[in-house]
Amino acid sequence: MKKWLVVVVSSWVLALVRGSEAPPGVYVLPLDPQAKHHFFWTLDYVDSTIQIEVQASISNNNWFGVGFSDRGERTNADWCIFVSDKTGRARILDAWTDDKCLLTIDQSQDCQGLRHTRTSSNTSRFSFYRKFDTCEPQDYIIERGTTHIVWTVGEGRIDGRNLCSLEGGFTRTELLKPPSQGFIPGEESWHLTVTAGGVSVPSSDTTYYCKVTKLPQQLINKHHLVQFEAVVTKGNEGLVHHMELFHCEADRDAAIPLYRGNCEKKPKSVEVCKKVMAAWAMGATPFIYPLEAGLPIGGSNYGSYAMLEVHYNNPEMRADWVDDSGLRVYLTKKLRANDAAVIELGLEYTDKMAIPPKQPSFQLSASCLPQCTGVSLPEGGIKVFASQLHTHLTGIRVETHHYRNGLELPLLNQDKHYSTHFQEIRLLPQPVNVLPGDWLETKCLYDTASRENITLGGYAISDEMCVNYIYYFPSTELEVCKSSISDQPLADYFDTLHKFEDQATGSQLPISQSYKAIEWNPLRVEVLNKLYEEAPMYMQCNMSSGSRFPGDWTALHRPSITTPLPKEKRQCDDIKEEKVNDLY
């Protein structure tokens, strides 16, 4: 049943060895920083099946496990274990680990269709397939958004082993990638490549490296950006975690220093380099714009500078890495029918929205209300084709809900296993039509269990954000549609805490001071949560010029939802119904 998938993936492994490009529909990423082990996959959406092939650098007496977990832990993970003995007999075992990292062979074997070969004395290649959703309680559900792929190497006994004591690690990617249209460069197109420039990567676990570059002169004329992709230095596939290219929002004649170095130490004058042009993360394929639109780049007063940001993941803290990775963007002077644009959804960057400490899951919600879409979007609406979700360090889940006249429509985007260390612009499975009067609500879940003090909303990495950058066409004047709690309800909250609970808070104090003075307990956390849910909102409904659209945006309420979205049905539900019907 899966023979064609096996052939395609196996052919790509051989192509990798020869240095050629992957065929369409075959994806690859290194599992480890040294790229000793590679993970390949293809998708069958009709059969809801993923075909996986692993090329592992292991000796004859080793076994190799690959699997999935919620956050990259080897505890409470779902595993497929490849075992091969000295006689060449091979098996693939479906297994799982408990919260103590002990491995148990699953009674239901859902890793199927094993094929394997030994390519050398220390390299094995094996492939198998499994369902996105096996309907087994111990098995991971593969769905849209970030997937944490775990791996391990061992020898000898398997059942009952502590996998956390063995060699292994994890990486992140989006497994369920939607198919994209191909772009064929023509005579009118050209590409711009910005790379790190042979940087010596510091011997730190994590480094964010920034490089400012001047854009070419031909961008004095308007172009459309229609595709971008990563250019990764050979051998550094496991080091380069993700990259972004930012445009520096300044006048064309403004001078920006050509800074190169640690992003945390960049000069203030470089902080204008913050408008995303392209974003790539490990395992991502080229991002191709729909044929109807392109991102406008260039023009008579278009800023002359851009900044590349590269995140290096160096857990072994090696000091011998040299890297020249970067991003390549494809531009065309033959403009497409529509300018693509970006709307920033989410919370205002303000300390009015805060997350109490010691909370394993605390939710903040932000709205782009019907009042704003009603005055800013054209009659036929816009088509949203991509999305980039964003929080800082404590964000663990992000989703944007879509409502129309009280009816909840399918989610615009979601990531149930979100990580701030893995951000990319992702194509949606299908473009989403957003009409005037629609309501877009972005919800972010945070984990502050390890934090002793309040986490405030704001720009610093230790602060928090909740943002969804949606990519759409045709472009409109709407650029920011964000919310926060209205001023008066928050002031009343601080005064009430002071009056009735003797907290050192008050409406006359700076907001951050009041938040930091609260002695948090479960009841106070719950009261704050209810306040955020029920209080009126202040909204930014802003044009690209920075001006607000006409209207009173100071105290708006959430609309009511008359028809919630039905709970997503799993294939398991049909199986259960069939079993029940068989009893009667």
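Residues numbered from 1 in each chain as written. Predicted model: local features only at pLDDT ≥ 70, side-chain atom pairs only at ≥ 80, totals over all residues. Heavy atoms only, no water.

An unreviewed UniProt entry lists the chain under the name DOMON domain-containing protein, with Nezara viridula given as the organism. Under Subcellular location (unreviewed entry), UniProt gives the following word-for-word description of the chain: "Membrane". Regarding the chain, the relevant UniProt record gives this comment under Cofactor (unreviewed entry): "Cu(2+)". (UniProt positions renumbered as here; feature names shortened; annotations may be inferred.)

Undergrad: Which residues make up the overall build of the chain, and what values do they have?
TA: When you go through the chain residue by residue, the secondary structure sums to 6 helices and 36 strands. The C-alpha atoms of the chain give a radius of gyration of 25 Å, which matches the 25 Å a tight globule of 584 residues would have. The dimensions of the chain, computed from C-alpha atoms along their principal axes, are 75 × 65 × 55 Å. Here the chain holds 584 residues, and the buried ones make up 54% of them. Contacts in the chain between residues at least 24 apart in sequence constitute 77% of all its contacts with a sequence separation of at least 6. (Helix = DSSP H or I, 4+ residues; strand = E, 2+ residues; numbered from the N terminus. Rg over C-alpha atoms; globule rule 2.2 N^0.38 Å. Buried < 20%, exposed > 50% of the residue type's maximum accessible area, 1.4 Å probe, protein only. Contact = heavy atoms within 4.5 Å.)

Undergrad: Describe in detail the nonpolar core, supporting the description with residues and values.
TA: Within the largest apolar cluster, 86 residues are counted, with the highest numbers of intra-cluster contacts made by F39, F64, L245, Y289, Y312 and F385. Residues in contact with Y312, not counting those within four places in the same chain, are A196, V199, V201, D205, T206, T207, Y209, L239, V240 and D323. (Core = buried A, V, L, I, M, F, W, Y, C linked by side-chain atoms within 4.5 Å.)

Undergrad: Run through the pairing of strand β15 (residues 223-231), naming residues and quoting values.
TA: Along β15, 7 of the 9 residues are buried, which leaves the element largely enclosed by surrounding structure. Bridging between β15 and strand β20 (residues 293-297) involves 3 bridges; their strand directions are antiparallel. By the bridge assignment for β20, H224 is matched with P296. As paired strands, β15 and strand β23 (residues 326-332) are joined by 7 bridges and run antiparallel to one another. Within the sheet, the bridge partner assigned to V231 lies in β23 and is G326. Relative to strand β19 (residues 287-288), β15 is paired through 2 bridges, and the arrangement is antiparallel. In the strand pairing of β19, F228 is matched with F287. (Pairing = 2+ DSSP bridges.)

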